[in-house]
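In case you want the letters, here they are:
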Amino acid sequence: MEGENSSPVDPELLAILACPKCKVRVELEQDRLVCGQCGRRYRVEDGIPIMLIDEAEPAAAGWKPKGK
Ligand SMILES: [Zn+2]
């Protein structure tokens, strides 16, 4: 089966996703989408990103916003 180990999220979908709180782009880190501003981590289920603040994991300990 080809494509099984490709990105867990469609790159075109990833390009339009944003953190619902910050309205900024999220980055794919392993199987999580991480907000570059608040550090919340959104999980992906069967290729569907769960972009809900209530469902997000808090920023990792020691996480810092990028670009500052
Ligand atoms: Zn955010």
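Remember, it's a predicted structure, so these values are computed and weren't measured experimentally.

J.: Which residues make up unusual backbone geometry, and what are the values?
T.: For Q30, which is not glycine, the phi torsion reads 55° and is therefore positive. Secondary-structure assignment places Q30 in the loop between β1 (26-29) and β2 (32-35). With a phi close to 55°, D46 is a non-glycine residue in the positive phi region. Residue D46 is classed as exposed on the basis of its C-beta count, with 5 C-beta atoms lying within 10 Å.

J.: Describe the nonpolar core, and please don't skip the residues or the numbers.
T.: Judged by nonpolar contacts, C19, V26, L33, V34, C35, Y42 and A56 together constitute the single largest core of seven residues. Once residues lying within four places of it in the same chain are set aside, the contact partners of V34 are V26, E27, E29, G39 and R41.

J.: So what's going on with the sheet that holds β2? Residues and values would help.
T.: Reading across the sheet, the four strands line up as β1-β2-β3-β4 and stay open at both edges, with antiparallel pairing between neighbours. Two strands bound the open sheet, and with one partner strand each, they are β1 and β4 (48-49).

J.: Report on the environment of R32, specifying residues and quantitative values.
T.: Assignment of secondary structure puts R32 in strand β2. Between the C-alpha atoms of R32 and Y42, which are 10 residues apart in sequence, the distance is 5.5 Å. The residues touching R32, leaving out its near neighbours within four places in the chain, are R41, Y42 and R43.

J.: Tell me what's going on with the pairing of β2, and back it up with residues and numbers.
T.: Looking at chain direction, β1 and β2 are connected through four bridges and run antiparallel. Within the sheet, the bridge partner assigned to L28 lies in β2 and is L33. Count of turn residues in the β1/β2 antiparallel hairpin: two residues, of which Q30 carries a positive phi of about 55°. Relative to strand β3 (residues 41-45), β2 runs antiparallel, the two being bridged by three bridges. Residue pairing for β3: R32 is matched across the bridge by R43. In this structure, the hairpin formed by β2 and β3 is closed by a connection of five residues, where G39 is found at a positive phi of approximately 80°.

Rules used throughout
Residues numbered from 1 in each chain as written. Predicted model: local features only at pLDDT ≥ 70, side-chain atom pairs only at ≥ 80, totals over all residues. Helix = DSSP H or I, 4+ residues; strand = E, 2+ residues; numbered from the N terminus. Buried ≥ 20, exposed ≤ 12 C-beta atoms within 10 Å, placed from the backbone. Core = buried A, V, L, I, M, F, W, Y, C linked by C-beta atoms within 7 Å. Contact = placed C-beta atoms within 7 Å. Pairing = 2+ DSSP bridges.

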